[in-house]
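# Secondary and tertiary structure notes
This is what each chain is made of:
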Amino acid sequence: MPPHPPARDGHRPDDGPPALAEVAIVGGGPCGLMAAIELGRRGIRVTLVDDKPDTAVNPQANATQARTMEHFRRLGFAHEVRALGLPPDFPTDIAYFTRFGTHELARFSLPSSRQAPDLIRRLDGDWSAAELPHRVSQKFVERVLRRQTQAAPGVSVHYGWRMQSWRANDHGVRLSVAPSAGGAPRELRAQYLIAADGPRSTVRRDLGIAYRGETGIVRDFMGGRMHAIYLRAPQAYARWPHRPAWMNVCFNPQRRAFMVAVDGREEFAFHTQLRADEDESSIDDARAKAMVHAAFGFTQPLEILSRASWTAGHCLVAERLSEGRVFLGGDAAHLFTPTGGLGYNTAIEDAVNLAWKLAAVLRGQAGRALLQTYHAERHPVAVRNTGYARGFADSLGLFTPDPAIEADTEAGRHAREAAGAYFDRHARAEFNIPGITFGGRYDGSAAIVPDGTQPPPDSAARYQPSACPGGRPPHAWLVDGRSLYDDFGPDWTLLRLGPRAPGGGGFVAAAARHGVAMVVRAHAAPDLEQRYDAPLVLIRPDQVVAWRGGDDTRADAVMARLLAR
Ligand SMILES: Cc1cc2nc3c(=O)[nH]c(=O)nc-3n(C[C@H](O)[C@H](O)[C@H](O)COP(=O)(O)OP(=O)(O)OC[C@H]3O[C@@H](n4cnc5c(N)ncnc54)[C@H](O)[C@@H]3O)c2cc1C
């Protein structure tokens, strides 16, 4: 990691966390880092502490969804993330096997990272978007996020510092933080606290906020204790009898596992469900290697990089996402079973949603009531997304392979065909999810002005672009080849659409009165006006449609509502 530049006030990170910040963030995973970038870019003084020495070495997520990539694009580093992980031509397929070295049962082919940027320009409807998903280990993404965080003015990042205790009152928050390696604690004061401190969130527990939902869900697979083995297998591909894939799932009566290609050459993240007779405390490296060999169906030289146990079968959301000056985000606020790849992506959108609101309140542009819309908007999305993930886990984990599935007999062949047909359907359901990715909505929020129209129905696999206020703005490619989103401003954007769009000066004046930055973008071509079904559309800083209409006569009232004035 390059040296962290000094903050604007001259404070150097080697001095430890500065005593004063506007926002303190506990947790330097995806949620905390993204919140720090968003706040720092808006000129907010942020101090982030994380108790690990650096970003995670072998973290879990491997799928960055398209909406997350669009946010990275808005911030200018989607291309950097897209270049990481698998080689550019490596297939990002999802493939199902009896064992990785024997029968392939089903395969859902997806584009490589080299194909993605061109392909997305040719897609429309469900996949009308600026970015396709990217299959990449969270460890690579976190490094980019950390670099971007450190480049943001006013952000002070301190890995190796643990938050020991905290308290909040009406005026602000105080944290006691200390070096994880030991050393004297120091006090940190801030106006707001973001608890992005993961599934075991101390802050959530200190607040007495419970997770609600279901946990301890038991399935043959993806429901119970799982063992994660991060490994190097330099000969795997030389002996791999099938086309490589990003996600490899194996089903045989002996072992169920999924294994993700990390670098496309030799590094893998392997996760297997522990059987009832397997006790994690008695798993040593030799036993772990035997598990991997059972999934491959052949032995080979393996180097174990790290191992850890975790539990699949959570579908949990904190009952409140904020209290006073404290906000919960990411896994501190919701806990998923990883099917669908939604935990980290939901964490990123929490950060995006919260940061512009905090910045607007801290800069005096919005009333404090705006912060209440964080819970109002993100809690329903967390319930929705954890529910979708649970459905995928049921579909994958409750499927029981026929005991004959590996037999070299007619019965074995039938069993493999039946399993293949099942996984073919399952893969499309779990891995083609534009509706989940793009269709999250904030209907009913005080930071949205409804126009009386109905949003499209919620569906995992179907996304219907709609400018009904409260959802993602419909995407389009402009004649100059840019994404419409590239034309949006970093904060508020007023779109003037169609040949006869009104001037929209009322919104510009209202924005100026509140001190918020707003750019006006005119697109005279009629297709965008049709897509948005209105000549004037207001886009929030998190790229959500806030309002649409035919004229700006109510601009003052609309902006006052949106900014909780
Ligand atoms: C096997 C598996 C596969 C997954 N795959 C996907 C996927 O493909 N896509 C997806 O979207 N999600 C996936 N997830 C989920 C994803 O990994 C998490 O949702 C994500 O890491 C949450 O990010 P976060 O920033 O909220 O929390 P974390 O990443 O947990 O970060 C929290 C940080 O807070 C720090 N911390 C905690 N307490 C303190 C303290 N007191 N002081 C200082 N620091 C503290 C921790 O050290 C940690 O670094 C997967 C999860 C698993 C288990």
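Residues numbered from 1 in each chain as written. Predicted model: local features only at pLDDT ≥ 70, side-chain atom pairs only at ≥ 80, totals over all residues. Heavy atoms only, no water.

### Some details on the pairing of strand 7 (residues 155–159)
For clarity, the cut-off: A 1.4 Å probe rolled over the protein chains alone gives each residue an accessible area, and that area as a share of the maximum for its type sets the label: buried under 20%, exposed over 50%, partly exposed in between. Counting from the N terminus, the helices are the DSSP runs of H or I reaching at least four residues and the strands are the DSSP runs of E reaching at least two. The rule for pairing is simple: two strands pair if DSSP sees at least two bridges between them.
Across the 5 residues of strand 7, 5 count as buried, placing the element largely inside the fold. Of the two faces of strand 7, both are covered, the one formed by Val-155, Val-157 and Tyr-159 as well as the one formed by Ser-156 and His-158. In this sheet, strand 7 lies alongside strand 2 (residues 46–50) in parallel orientation, the contact comprising 5 bridges. Within the sheet, the bridge partner assigned to Val-46 lies in strand 7 and is Val-155.

### Side note on the site of the ligand
Applied cut-off: Only a single heavy atom is needed: when it lies within 4 Å of a molecule or strand, its residue is near that molecule or strand. Under the rule applied, a polar contact is a pair of N or O atoms within 3.5 Å (in protein, one hydrogen donor and one hydrogen acceptor; residues adjacent in sequence only if both atoms are side-chain atoms). Here, Shrake-Rupley sampling with a 1.4 Å probe gives the accessible areas, and only protein chains in the shown set may cover a residue. When residue character is reported, Ala, Val, Leu, Ile, Met, Phe, Trp, Tyr, Cys and Pro are called nonpolar, Asp, Glu, Lys and Arg charged, and the others, Gly included, polar.
Surveying the vicinity of the ligand reveals 31 residues, the closest of which are Asp-50, Asp-51, Lys-52, Asp-331 and Tyr-344. Asp-50 is positioned with one of its side-chain polar atoms (N or O) 2.6 Å from an oxygen atom of the ligand. One of the backbone N or O atoms of Met-163 is found 3.0 Å from a nitrogen atom in the ligand. Within the complex, the protein chains bury 88% of what would otherwise be the 1,000 Å² of accessible surface of the ligand. Mapped by element, the contributors of at least two residues to the shell around the ligand are helix 1 (30–41), strand 2, strand 8 (161–168) and helix 9 (343–362). Each residue belonging to the shell around the ligand can be placed in one class, and the counts come to 14 nonpolar, 11 polar and 6 charged.

### As for the confidence of the model for the protein chain
The criterion, for reference: The predictor's confidence in any single residue is recorded as pLDDT, a number from 0 to 100. Pairs of residues are marked as contacts when any of their non-hydrogen atoms sit within 4.5 Å.
Averaged over all residues, the pLDDT of the protein chain is 95; the fraction at 70 or higher stands at 98%. Counting interchain partners and residues more than four positions distant, the pLDDT-below-50 stretch residues 5–10 has 8 contacts.

### Quick word on the pairing of strand 11 (residues 192–195)
Consecutive side chains of a regular strand alternate in pointing toward one face of the sheet and then the other. Going residue by residue along strand 11, you find Tyr-192 and Ile-194 tucked away on one face and Leu-193 and Ala-195 tucked away on the opposite face as well. Across 4 bridges, strand 1 (residues 23–26) lies against strand 11 in parallel orientation. Each residue of the ladder has a partner; that of Val-26, found in strand 11, is Ala-195. Of the pairings in the sheet, the one linking strand 11 to strand 20 (residues 326–328) comprises 3 bridges and is parallel in character. What sits directly across from Ala-195, in strand 20, is Leu-328.

### Considering the packing of aromatic side chains
The geometry of an aromatic ring pair is captured by two quantities: the separation of the ring centres and the angle between the planes. For clarity, the threshold we go by: Stacked, tilted and edge-to-face are the three classes assigned to paired rings of Phe, Tyr and Trp, where Trp is represented by its six-membered ring and a pair needs centres within 6.5 Å; plane angles under 30 degrees give stacked, over 60 edge-to-face, the rest tilted. In this scheme, the term charge over a ring applies when either NZ of a lysine or CZ of an arginine sits within 6 Å of the ring centre and within 35 degrees of the ring normal.
Inspection of the entire model under this criterion finds 26 aromatic pairs. When the ring of Phe-296 is compared with that of Phe-298, the centres are 5.3 Å apart and the planes differ by 65°; the resulting orientation is edge-to-face. Relative accessible area serves as the criterion here: at 0%, Phe-296 is assigned to the buried category. Note on Phe-298: relative accessible area 10%, which makes it buried. Each ring, one from Phe-399 and one from Tyr-422, has its centre 4.4 Å from the other, and the planes form 20°; the classification is stacked. Pair noted here: Phe-399 is in the loop between helix 10 (372–397) and helix 11 (410–431) and Tyr-422 is in helix 11, with a separation of 23 residues, a long-range link. Every member of this aromatic cluster is reached through a ring pair, and the members are Phe-90, Phe-97, Phe-100, Tyr-237, Trp-240, Phe-268, Phe-296 and Phe-298. Here Arg-121 stacks its cationic end above the ring of Trp-477, 4.1 Å away from the centre of that ring. The positively charged end of Arg-135 is found above the aromatic ring belonging to Trp-246, 4.7 Å away from the centroid.

### With respect to the packing of helix 9 against helix 10
As a reminder of what qualifies: Geometry is summarised by axes, namely lines fitted to C-alpha atoms with helices restricted to the contacting stretch, and by angles between N-to-C directions that run from 0 to 180 degrees. Oblique is the label for every angle not falling under 35 degrees (roughly parallel), over 145 degrees (roughly antiparallel), or within 65 to 115 degrees (roughly perpendicular).
Helix 10 packs onto helix 9 with a crossing angle of 170° between their chain directions and a minimal axis gap of 10 Å. Regarding the angle of helix 9 to helix 10, the classification is roughly antiparallel. Residue-level inspection shows Thr-346, Glu-349, Asp-350, Asn-353, Leu-354 and Lys-357 of helix 9 in contact with helix 10, the latter providing Thr-373, Tyr-374, Glu-377, Arg-378 and Asn-385. Considering only residue class, the contact of helix 9 with helix 10 consists of 2 nonpolar, 4 polar and 5 charged.

### Let's talk about the state of the cysteines
As a reminder, the rule being used: A pair of sulfur atoms, both from cysteines and within 2.5 Å, is called a disulfide here.
The final tally for this structure, using the stated rule, is 0 disulfides. There is no disulfide at Cys-31, and the cysteine sulfur nearest it, in Cys-315, is 19 Å away.

### So, the pattern of salt bridges
Formally: Only one rule defines a salt bridge in this text: a Lys or Arg side-chain nitrogen within 4 Å of an Asp or Glu carboxyl oxygen.
In the structure shown here, the tally under the stated rule is 52 salt bridges. Through salt bridges with shared partners, a single network forms among Arg-255, Arg-275, Asp-277, Glu-278 and Arg-287.

### Overview of the packing of helix 2 (residues 66–74) against helix 9
The condition that has to hold: Each crossing is labelled by how the near helix is turned from the far one, with a counterclockwise turn of less than a right angle marking it left-handed and a clockwise turn marking it right-handed.
In the contact formed by helix 2 and helix 9, the axes pass within 9 Å of each other and the chain directions differ by 40°. Accordingly, the angle class assigned to the pair helix 2 and helix 9 is oblique. Here helix 2 and helix 9 pass one another in a crossing that is left-handed. Here helix 2 contributes Arg-67, Thr-68, His-71, Phe-72 and Arg-74 to the contact with helix 9, which in turn contributes Tyr-344, Asn-345, Ile-348, Glu-349 and Val-352. Among the residues making up the contact of helix 2 with helix 9, the classes are represented as 4 nonpolar, 3 polar and 3 charged.

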